[in-house]
Amino acid sequence: MKSSLRLSVFFLFVFLLLNGCKKEATEITDINFPITKTYQNIPEPLWDYFERFENEALERDLIIDLNNLNLTAEIVEIVAEGVAGTCSYGSHTPKHIQIDQTFWSQSSDLFKEFVVFHELGHCVLFRGHREDANQDGTCVSLMRSGIEDCQDNYRLATRSNYLDELFDEMN
Ligand SMILES: [Zn+2]
């Protein structure tokens, strides 16, 4: 199954090359790589976001292998009002992330990324909350608690700055 898929991708790639469209050929090249990494003890809907987290870390010279960190996760109904995710850890238990099922089913890709990255910020980067606001009132950090005054501003245009701050608080 897998090899036949790979084969058809290959033929598509050759076809596009013959057609000489550079942009499409570049896009097709990308899917010659594994589309998604797998993560043990992590629900499949989270895999894409976990892989993005590793990739964004790597772009900032930080090597993180989430499969190697004794990390578990689940998507469940979190009873506490307004809580989209949690990270918990103790000395004898694996680090554990919970993502709220209702939040997950209703949220955009970018907002899901925000919450998964926030919880990984706690569980993997050992960051606490940071409530600082910019002059325009927007939050400085993805690690804001959500109960203080700053306004979230995580958009495609601001994403890269927020991720700089996430992986290096000094940014
Ligand atoms: Zn938090």
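Above this text is the structure in question.
> Describe in detail the overall build of the protein chain, supporting the description with residues and values.
In terms of helices and strands, the protein chain carries six helices and three strands. Start at the N end of the protein chain and walk to the C end: the helices and strands fall as α-α-α-β-β-β-α-α-α. Considering the protein chain as a whole, with its 171 residues, one finds that 20% of them fall into the buried category. Counted over contacts in the protein chain with a minimum sequence separation of 6, partners at least 24 positions apart contribute 42%.

> Explain the environment of Phe103 residue by residue, including any values.
Positionally, Phe103 belongs in helix α4 (residues 101-106). On the basis of neighbour count, Phe103 is assigned to the partly exposed category, with 18 C-beta atoms found within 10 Å. Separated by 12 residues in the primary sequence, Phe103 and Val115 have C-alpha atoms spaced 9.6 Å apart. Residues within four places of Phe103 in sequence aside, it is in contact with Ala84 and Val115.

> If you had to explain the pairing of strand β1 (residues 71-76) to someone new, which residues and values would you point to?
Along β1, the buried face is formed by Leu71, Ala73 and Ile75; none of Thr72, Glu74 and Val76, which line the opposite face, is buried. Pairing of β1 with strand β3 (residues 95-100), which is carried by six bridges, proceeds in the parallel orientation. When the bridges of β3 are listed, Thr72 appears paired with His96.

> Got a sec to walk through unusual backbone geometry? Specific residues and values, please.
Leaving glycine out, the prevailing phi sign among residues is negative, and the prevailing peptide bond configuration is trans. One non-glycine residue, Asn41, adopts positive backbone phi at about 60°. Relative to the helices and strands, Asn41 is located in the loop between α2 (22-30) and α3 (47-59). Take Asn41: there are 12 C-beta atoms within 10 Å of it, and that puts it in the exposed class. Phi is positive for Phe126, close to 55°, though the residue is something other than glycine.

> Explain the packing of α3 against helix α5 (residues 109-123) to me, using residue names and the numbers behind them.
Where α3 meets α5, the closest approach of the two axes is 10 Å, and the angle between their N-to-C directions is 60°. Seen from above, α3 lies across α5 with right-handed handedness. Where α3 abuts α5, its residues Tyr49, Arg52 and Phe53 lie against Lys112, Glu113, Val116, Phe117 and Leu120. A per-class count over the contact of α3 with α5 returns five nonpolar, no polar and three charged.

> Which residues make up the sheet that holds β1, and what values do they have?
Spatially, the three strands line up as an open sheet ordered β1-β3-β2, and their pairing is mixed. Each of the sheet's edge strands pairs with one partner strand only, and the pair in question is β1 and β2 (85-88). Within this sheet the neighbouring strands show an average axis-to-axis angle of 15°, counted without direction. Relative to the sheet, α5 contacts β1, β2 and β3, its axis offset from that of β2 by approximately 15°.

The rules behind the values
Residues numbered from 1 in each chain as written. Predicted model: local features only at pLDDT ≥ 70, side-chain atom pairs only at ≥ 80, totals over all residues. Helix = DSSP H or I, 4+ residues; strand = E, 2+ residues; numbered from the N terminus. Buried ≥ 20, exposed ≤ 12 C-beta atoms within 10 Å, placed from the backbone. Contact = placed C-beta atoms within 7 Å. Pairing = 2+ DSSP bridges. Axes fitted to C-alpha atoms, helices over the stretch in contact; angles between N-to-C directions. Left-handed = near helix turned anticlockwise from the far one by under 90°. Nonpolar A, V, L, I, M, F, W, Y, C, P; charged D, E, K, R; others polar.

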